[in-house]
Amino acid sequence: GENVEQHPSTLSVQEGDSAVIKCTYSDSASNYFPWYKQELGKRPQLIIDIRSNVGEKKDQRIAVTLNKTAKHFSLHITETQPEDSAVYFCAAANANSGAGSYQLTFGKGTKLSVIP
Amino acid sequence: DSGVTQTPKHLITATGQRVTLRCSPRSGDLSVYWYQQSLDQGLQFLIHYYNGEERAKGNILERFSAQQFPDLHSELNLSSLELGDSALYFCASSVGFNTGELFFGEGSRLTVL
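Procedures and definitions
- Residues numbered from 1 in each chain as written.
- Chains lettered and ligands numbered in written order.
- Predicted model: local features only at pLDDT ≥ 70, side-chain atom pairs only at ≥ 80, totals over all residues.
- Heavy atoms only, no water.
- Core = buried A, V, L, I, M, F, W, Y, C linked by side-chain atoms within 4.5 Å.
- Buried < 20%, exposed > 50% of the residue type's maximum accessible area, 1.4 Å probe, protein only.
- Contact = heavy atoms within 4.5 Å.
- Pairing = 2+ DSSP bridges.
- Helix = DSSP H or I, 4+ residues; strand = E, 2+ residues; numbered from the N terminus.
- Axes fitted to C-alpha atoms, helices over the stretch in contact; angles between N-to-C directions.
- Buried area = accessible area lost by both parts, 1.4 Å probe.
- Salt bridge = Lys/Arg side-chain N within 4 Å of Asp/Glu carboxyl O.
- Polar contact = N/O pair within 3.5 Å; in protein donor to acceptor, adjacent residues only side chain to side chain.
- Disulfide = S-S within 2.5 Å.
- pLDDT = per-residue confidence, 0-100.

**A closer look at the nonpolar core**
Here is step 1: Grouped together as the largest cluster of nonpolar side chains are 23 residues, with contacts concentrated most on A:Trp35, A:Phe73, A:Leu75 and A:Leu112.
Here is step 2: Those residues in contact with A:Leu75, other than ones at most four positions away along the chain, are A:Ala19, A:Val20, A:Ile21, A:Trp35, A:Ile47, A:Ile48, A:Ile62, A:Ala63 and A:Tyr88.

**Looking at the sheet that holds strand S7 (residues 62–67) of chain A**
Residue and element names in this part refer to chain A.
Here is step 1: Strands sit in the order S1-S3-S8-S7-S6 across an open sheet of five strands; the sheet is antiparallel. With one partner strand each, in any of the chains shown, strand S1 (4–7) and strand S6 (56–59) form the two edges of the open sheet. Each strand of the sheet is rotated relative to its neighbour by a mean of 15 degrees, with strand direction disregarded.
Here is step 2: With six bridges joining them, strand S3 (residues 19–25) and strand S8 (residues 72–77) adopt antiparallel strand pairing. Among the inter-strand pairings, Thr24 is bridged to a residue of S8, identified as His72.

**Details of the pairing of S8(A)**
Here is step 1: Of the strand pairs in this sheet, S7(A) and S8(A) are connected by six bridges, and their pairing is antiparallel. Residue pairing for S8(A): A:Ala63 is matched across the bridge by A:His76.

**A word on the interface of chain A and chain B**
Here is step 1: Tallying the contact residues gives 22 residues for chain A and 23 residues for chain B.
Here is step 2: Here chain A meets chain B over a buried area of about 1900 Å², counting both sides, of which 51% is carbon and sulfur.
Here is step 3: Looking at the side of chain A facing chain B, the largest losses of area belong to A:Arg43, A:Tyr102 and A:Phe106, adding up to 32% of the total buried there.
Here is step 4: The interface formed by chain A and chain B holds one salt bridge in total.
Here is step 5: Inspection of the region where chain A meets chain B yields four residue pairs in polar contact (both at pLDDT 80 or more).

**Quick look at the state of the cysteines**
Two cysteines, two sulfur atoms, one covalent bond between them: this is a disulfide.
Here is step 1: Counted under the stated rule, the structure contains two disulfides over all chains.
Here is step 2: Sulfur-sulfur distance for the disulfide between A:Cys23 and A:Cys90 comes to 1.9 Å. Residues A:Cys23 and A:Cys90 are joined by a disulfide whose S-S torsion is about -100 degrees; by sign, that bridge is left-handed. Of the two residues, A:Cys23 sits in strand S3 while A:Cys90 sits in strand S9 (residues 86–92), which places them 67 residues apart along the sequence. Residue A:Cys23 shares its accessibility class with A:Cys90, and that shared class is buried.
Here is step 3: There is a disulfide in this structure between B:Cys23 and B:Cys91, and the S-S distance comes to 1.8 Å.

**With respect to the confidence of the model for chain A**
Here is step 1: Counting all residues, the mean pLDDT for chain A is 93, and 97% of those residues have values of 70 or more.
Here is step 2: Per-element confidence in chain A is highest for S3(A), whose mean pLDDT is 98, and lowest for strand S10 (residues 105–106) of chain A, whose mean pLDDT is 92.

**Brief notes about the pattern of salt bridges**
Here is step 1: Taken as a whole, this structure holds nine salt bridges over all chains when the rule is applied.
Here is step 2: A salt bridge links A:Arg43 to B:Glu106, with the nearest nitrogen and oxygen atoms 3.5 Å apart. In this pair, A:Arg43 is assigned in the loop between strand S4 (32–38) and strand S5 (45–51) and B:Glu106 in the loop between strand S10 (103–104) and strand S11 (108–112), connecting two distinct chains.
Here is step 3: Of the charged contacts in the structure, one is a salt bridge between A:Asp84 and A:Arg61, with a shortest N-O distance of 2.9 Å. Highlighted residues: A:Asp84 in the loop between S8 and S9 and A:Arg61 in the loop between S6 and S7, separated in sequence by 23 residues.
Here is step 4: Judged by relative accessible area, which is 21%, A:Arg61 ranks as partly exposed.
Here is step 5: Connected through salt bridges with shared partners, the residues B:Arg63, B:Glu82 and B:Asp85 form a single ionic network.

**Observations regarding the side chain of B:His73**
Residues and elements named next belong to chain B.
Here is step 1: For His73, the location among the structural elements is in the loop between strand S7 (64–68) and strand S8 (74–78).
Here is step 2: A distance of 3.2 Å separates a polar atom in the side chain of His73 from a polar atom in the side chain of Arg22.
Here is step 3: Within polar-contact distance, the side chain of His73 engages the side chain of Glu75 at 3.4 Å.
Here is step 4: The residues touching His73, leaving out its near neighbours within four places in the chain, are Arg22, Cys23, Ser24, Pro25, Gln67 and Gln68.

**Some points on the pairing of S8(B)**
Residues in a regular strand point their side chains to alternate faces of the sheet.
All names here are of chain B.
Here is step 1: By the criterion of burial, S8 is predominantly enclosed, with five of the five residues buried.
Here is step 2: Judged by which residues are buried, S8 turns out to be covered on both faces: Ser74, Leu76 and Leu78 on one side and Glu75 and Asn77 on the other are all buried.
Here is step 3: As paired elements, strand S3 (residues 19–24) and S8 share five bridges and run antiparallel to each other. Bridging across to S8, Val19 finds its partner in Leu78.

Here it is as structure tokens:
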């Protein structure tokens, strides 16, 4: 099955700096890579996703890059703000119309702390 | 609010006991997924149901079982509970069965004493 490794497990940055979180996956059939943000005591929420036919995607201060050859993808947050403090999870899945199921395999998470 | 409802929010029980966690998906979503979140293990996939049919099993123990009812709500049954079963159990739903955003509920925190 799929295995997703995520680094670092904790990350502290000064407000205004950039943060980068990296993930690798093992299954070459995976073609969908979402990122979820989980604030303390809350549910995970999708913040951005990318499919394997795209190399990069941006949404305001958040961007995700994908390198299919190396099987890794990264989350980039620019101009970090205190409200960006949360646990971020990367995930991978084979979102294939022929598949009978769709299960996200998550990384173990990165706790991001943005210091004011 | 994701539209996914989970009950109970908190549950404290003793080893050896059995509990049932309930999930109502978003209106219109046919898929329900269960995930277990422990401190050091992240989000572990347990099981996926689509329109009442089991579609995939992950790392679900034999002591655990689930089902999805005709009204699409789902229940996760945990029996012969052990201390290590203490975790946050999330239900998520999606429209289809092979793609798309998962919408998570607020979770049920289970504490086994």
